[in-house]
Amino acid sequence: MPTVVVYVMDSVRSTNPVTFMSNMLYACSILYKCKLPFVLAMNKIDVVSHKYALDWMEDFETFQEALAGETSYVSNLAQSMSLALDEFYSSLRAVGVSAMTGEGVEGFVEAVREGREEYNTEYRPEYERLKQEREQADLVKTSQTMKGESSSSGKGKEVNMGLCHSIREEAEIPENIRDGIYLRHPGDEDEEPEEEVDIEQEEESREAESFKNFVQNRSAQTENKIRNQFTSS
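If you're wondering where the values come from, they're calculated on a predicted model, not measured in any experiment. Per chain, the residues get numbers from 1 upward, laid out in the order the sequence is written. Residue-level local features of this predicted model are given only where pLDDT is at least 70; pairs of side-chain atoms are given and counted only at 80 or more, and the full residue set underlies all totals for whole chains, interfaces and linings. Only heavy atoms go into the side-chain values, all of them from the structure, while hydrogens and water stay out.

Colleague: Tell me what's going on with the sheet that holds strand 1 (residues 5-10), and back it up with residues and numbers.
Modeller: Pairing between two strands is assigned when DSSP locates at least 2 bridges connecting them. Numbering of helices and strands starts at the N terminus; helices are DSSP runs of H or I of at least 4 residues and strands are runs of E of at least 2. Strand order in the open sheet made by the three strands is 1-2-3, with parallel pairing throughout. The open sheet is flanked by strand 1 and strand 3 (93-96), the only strands paired with a single partner. Strand-to-strand twist of the sheet, defined as the mean angle between neighbouring strand axes without regard to direction, takes the value 25 degrees. Relative to strand 1, helix 1 (residues 17-34) is tilted by about 170 degrees, and along the sheet it contacts strand 1 and strand 2 (38-43). Two residues form a contact once any of their heavy atoms are found within 4.5 Å. Angles shown run from 0 to 180 degrees and are taken between the N-to-C directions of axes, each axis being a line fitted to C-alpha atoms and, for helices, limited to the stretch in contact. Packed on one face of the sheet, helix 2 (residues 51-58) meets strand 2 and strand 3 and runs near 140 degrees to strand 2.

This is how it looks when you write it as structure tokens:
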């Protein structure tokens, strides 16, 4: 199916030459990234005519005069980039439309039709050629892989284990020591049940011990107090 890229630009906000150049650079990047027929649609021409944009794209000096009032660094960059976009402007389909009134819609549709014809005559043949080259490369790669597998005569590929591969030599155990060794399978071991800890009982015992110590200390203090009273009397 033919594919055409349409870049919609706000003609009202692009009256500033710096904003206009930003839109053009963005549109140019999309064009060279997508590599498809491209249409620039400047919307809202019922508010501001898009004639100023066409003049800036066709006449470099007119755009330079519009930038004369700008003194920022971006304006200097826009002046230098305007020369680099001459080739982009020459092959660009730019039309003005109004989504509100419908003005310029016929010109927009005609630009899309031209983009469709350009896709069928220029872009599609190139895409088909690239597709065939890719399919041929895949066939060659598949045939080489199958040829390599058949030449191996069904043998598996040797894998070098490196330092991870080692030979373990088992030492013989004397008979008198071997008889005294008993090996038990881990599955035969009965797991010893773990003793369940009663947390509440431990807390009660700690509280009882603490209360007992408190009573003993209190009793000792009382006895000492009574003994001191009798001694002083």
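Colleague: Can you break down helix 4 (residues 73-84) residue by residue, with the values?
Modeller: The span you would expect from a helix comes to 1.5 Å times its residue count less one. Given a rise of 1.5 Å per residue, 12 residues ought to cover 16 Å, and the 18 Å separating the end C-alpha atoms of helix 4 matches this to within 8%. Buried, partly exposed and exposed residues are distinguished by accessible area as a fraction of the type maximum, computed with a 1.4 Å probe on protein chains only: under 20%, between the cut-offs, and over 50%, respectively. Among all positions in helix 4, only S75, A78 and S82 are buried. Axial view of helix 4: buried residues confined to an arc of 50 degrees, hence all on one face. Residues of helix 4 that are exposed and point more than 90 degrees away from the buried face comprise Y73 and A84. In this description, the arc belongs to the directions extending from the helix axis to the C-beta atoms.

Colleague: Tell me about the packing of aromatic side chains, and please be specific about residues and values.
Modeller: Stacked, edge-to-face and tilted are the three classes for Phe, Tyr and Trp ring pairs, Trp counted by its six-membered ring, which pair at centre distances within 6.5 Å; planes under 30 degrees apart are stacked, over 60 edge-to-face, the rest tilted. According to the stated counting rule, one finds nine aromatic pairs in the structure shown. Relative to W56, the ring of F20 has its centre 5.2 Å away and its plane inclined at 70 degrees; by these criteria the two rings are edge-to-face. In this pair, F20 is assigned in helix 1 and W56 in helix 2, connecting sequence segments 36 residues apart. Exposure remark for F20: the relative accessible area of 0% places this residue in the buried category. Judged by centre distance (6.0 Å) and plane angle (55 degrees), the ring pair of F20 and F63 falls under tilted.

Colleague: Tell me about helix 2, and please be specific about residues and values.
Modeller: Of all the residues in helix 2, the buried ones are Y52, A53, W56 and M57. Each buried residue of helix 2 lies within a common arc of 135 degrees when the element is viewed along its axis, so the set occupies one face. Looking at helix 2, the residues exposed on the side facing more than 90 degrees away from the buried face are K51 and E58. In this fold, the buried residues of helix 2 make contact with helix 1, strand 2, helix 3 (60-67), helix 5 (86-90) and strand 3.

Colleague: Go over a negative patch on the surface with me, naming the residues and quoting the values.
Modeller: Patch definition: residues above 30% relative accessible area lacking any salt bridge, with like charges linked at up to 9 Å and the nonpolar side chains Val, Leu, Ile, Met, Phe, Trp and Tyr linked at up to 5 Å. In short, Shrake-Rupley with a 1.4 Å probe defines the accessible areas, and a residue's cover is counted only from the protein chains shown. Any Lys or Arg side-chain nitrogen found within 4 Å of a carboxyl oxygen on Asp or Glu counts as a salt bridge. Charge counting treats Lys and Arg as positive and Asp and Glu as negative, with His and both chain ends excluded. We put the charge of a Lys on NZ, of an Arg on CZ, of an Asp on CG and of a Glu on CD. Side chains of E58, D59, E61 and E65 sit close together on the surface and give a patch of like negative charge. Looking at the secondary structure, you find E65 in helix 3. What makes E65 exposed here is its relative accessible area of 61%.

Colleague: So what's going on with the packing of helix 1 against helix 3? Which residues, and what values?
Modeller: One can describe the packing of helix 1 onto helix 3 by two numbers: an axis separation of 9 Å at closest approach and a directional angle of 130 degrees. Compared by their axis directions, helix 1 and helix 3 come out oblique. Between helix 1 and helix 3, the contacting residues are P17, V18, F20 and M21 on the first element and F63, A66 and L67 on the second. The class makeup of the residues in the contact of helix 1 with helix 3 is seven nonpolar, no polar and no charged. An angle counts as roughly parallel when it lies under 35 degrees, as roughly antiparallel when it exceeds 145, as roughly perpendicular when it falls between 65 and 115, and as oblique in every other case. Only Asp, Glu, Lys and Arg are considered charged in this grouping, and only Ala, Val, Leu, Ile, Met, Phe, Trp, Tyr, Cys and Pro are considered nonpolar; every other residue, Gly among them, is considered polar.

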